[in-house]
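# Chains, contacts and geometry: an overview
Residue strings, one per chain:
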Amino acid sequence: MSIFPTLTNKTYVVMGIANKRSIAWAIAKTLDEAGAKLVLTYAAERFKSGLESLASELKQEAILLECDVTNDEAIDSTFRSIHEQAGEIQGIAHSIAFADKEALRGEFSEMTRGQFAQALDISAYSLTAVVKAAKPYFAQDASVITLTYLGGERVVPNYNLMGVAKAALDSSVKYLANEYGPHGVRVNAISAGPIRTLSAKGVGDFNSILSELEQKAPLRRNVSAEEVASTGLFLLSGMGSGVTGEVIHVDSGYHIL
Ligand code: NDP
Ligand code: N5H
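What counts and how
- Residues numbered from 1 in each chain as written.
- Chains lettered and ligands numbered in written order.
- Predicted model: local features only at pLDDT ≥ 70, side-chain atom pairs only at ≥ 80, totals over all residues.
- Heavy atoms only, no water.
- Core = buried A, V, L, I, M, F, W, Y, C linked by side-chain atoms within 4.5 Å.
- Buried < 20%, exposed > 50% of the residue type's maximum accessible area, 1.4 Å probe, protein only.
- Helix = DSSP H or I, 4+ residues; strand = E, 2+ residues; numbered from the N terminus.
- Contact = heavy atoms within 4.5 Å.
- UniProt positions renumbered as here; feature names shortened; annotations may be inferred.
- 1 Å grid on protein atoms, 1.4 Å probe; cavity = no way out; pocket = protein on both sides within 12 Å on 5 of 7 lines; lining within 4 Å.
- Lys, Arg positive; Asp, Glu negative; His and termini not counted.
- Salt bridge = Lys/Arg side-chain N within 4 Å of Asp/Glu carboxyl O.
- Polar contact = N/O pair within 3.5 Å; in protein donor to acceptor, adjacent residues only side chain to side chain.
- Pairing = 2+ DSSP bridges.
- Axes fitted to C-alpha atoms, helices over the stretch in contact; angles between N-to-C directions.
- Near = heavy atom within 4 Å.
- Areas by Shrake-Rupley, 256 points an atom, 1.4 Å probe, with all protein chains shown as cover.
- Sits in = over half its atoms within 2 Å of the grid points.

### As for the nonpolar core
Core analysis: the largest hydrophobic core is formed by 50 residues, its most contacted members being M15, F79, I89, I92 and F138. Ranked by the residues each element gives to this core, the list is headed by helix α4 (residues 113-134), at 10 residues. Residues in contact with M15, not counting those within four places in the same chain, are A24, T41, C67, V69, F79, I92, A93, H94, S95, I96 and V130. If you look at the next biggest cluster of nonpolar residues, it comprises 36 residues, including L58, L64, I190 and I195.

What follows is the structure, given as structure tokens:
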């Protein structure tokens, strides 16, 4: 008997696919493999055609919707539309973050008020905004995941304001888990090790972070987006029932050092 969960006829929303390297894309492929009905959201019209061609690789036909998470009205109308087109929502993968590149190097305190507010808005508040908008449409045992990073727990050079944003995100996961638990909805985070994606491109000293992990982490290797996605499948499916308010590190064990 296979223990691979079957998600046939269940609707999952995946937010944050920029291209084929995105962690969200690995999550979408894994959910698709398990038979899920997918809704993929993108930030703006200019990302639509790229996502359409990626989505054509999926087994099931996905619904594509624009959703800029800085806009409450856009979030509300996206989730209304998801409900109209795909019924109740079994799960959401939130894989969205942004900070001004200029603030992701050098001294932490050199950032501006505006850079700080934008990073916290897109990378932390958006999780709560999304969960709030989905509330009327959640299945009774729905599950939400978000992506976080070790730089929210301890100082990692250059992560700067994103560290503060991830700390806020990790804390939001706990408050949301507590509030939504009585409704049967679980909320968890995956703390991923460094993975070469568009966001990671050209920021800080990414290569040295990859090689430090390879040399020191218990598993002595880096992780793949697919490994993050299989933990995502566990949390988003019934296999993770009983787990909420948790941060699971998928980082070859680096965080224990
Ligand atoms: P990607 O660049 O592939 O994904 C980041 C996504 O954020 C993009 O799809 C981007 O959408 C989206 N986004 C930014 N601003 C907005 C907005 N206003 N509205 C909607 N979407 C927006 O990078 P990753 O896959 O690496 O990042 C996904 C998550 O994983 C992030 O939370 C990141 O912090 C986290 N993470 C990444 C690690 C890594 O090493 N790569 C390690 C640990 C955590 P668009 O392209 O359409 O603008
Ligand atoms: C310690 C590190 C390396 C240094 C810090 C990296 C922080 C990255 C996170 C943010 C989200 C990256 C970011 O916002 C980049 C943008 O300024 C510019 N890029 C874009 O606009 C592209 C086009 C779009 C698609 O990107 C977004 N985000 O919209 C951390 C690394 C070891 C791990 C890592 C990379 C963590 C993480 O949170 O992503």
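Okay, back to it.
### Comments concerning the UniProt feature "binding site: NAD(+)" (unreviewed entry) in the protein chain
Within this numbering scheme, the UniProt entry marks G16, S22, I23, D68, V69, I96, K166, I195, R196, T197, L198 and S199 as carrying the feature "binding site: NAD(+)" (unreviewed entry). These annotated residues cover 184 residues of sequence, and their C-alpha atoms sit far apart, with the largest distance between any two at 23.8 Å. Considering only the annotated residues already named, the ones lining the largest pocket are G16, S22, I23, D68, V69, I96, K166, I195, T197, L198 and S199. In this fold, G16 is placed in the loop between β1 (11-15) and α1 (23-33). Look past the residues within four positions of G16 in its chain and what remains in contact with it is S22, A24, T41, S95 and I96.

### Describing the side chain of D251
Relative to the assigned elements, D251 resides in the segment after β7 (247-250). No salt bridge is formed by the buried D251; its nearest oppositely charged neighbour, R154, is found at 6.9 Å. At 3.0 Å, the side chain of D251 forms a polar contact with the backbone nitrogen of G253. The contact partners of D251, leaving out residues within four places of it in the chain, are S191, A192, G193, L213, A217 and V223.

### Considering the sheet that holds strand β5 (residues 138-148)
A sheet is described by the order of its strands in space; here seven strands give the open sequence β3-β2-β1-β4-β5-β6-β7, paired in parallel fashion. Strands at the two margins of the open sheet, each flanked by one partner only, are β3 (63-66) and β7. Going across the sheet, the axis of each strand differs from the next one's by a mean of 20°, ignoring polarity. Across the sheet, helix α2 (residues 48-55) touches β2 (37-42) and β3, and the angle it forms with β2 is around 160°. The strands touched by helix α3 (residues 72-86) within the sheet are β1, β2, β3 and β4 (89-94), with β3 carrying the most contacts at an inclination of about 165°.

### Side note on the site of ligand 2
If you check the shell around ligand 2, you find 19 residues, and the closest are A97, A99, K101, Y159 and S199. Within the side chain of Y159, an N or O atom sits 2.6 Å from an oxygen atom of ligand 2. A distance of 2.8 Å separates a nitrogen atom of ligand 2 from a polar atom in the side chain of S199. Against a free-state accessible area of 810 Å², the protein chains account for coverage of 80% of ligand 2. Of the pockets mapped on this structure, ligand 2 occupies the largest pocket.

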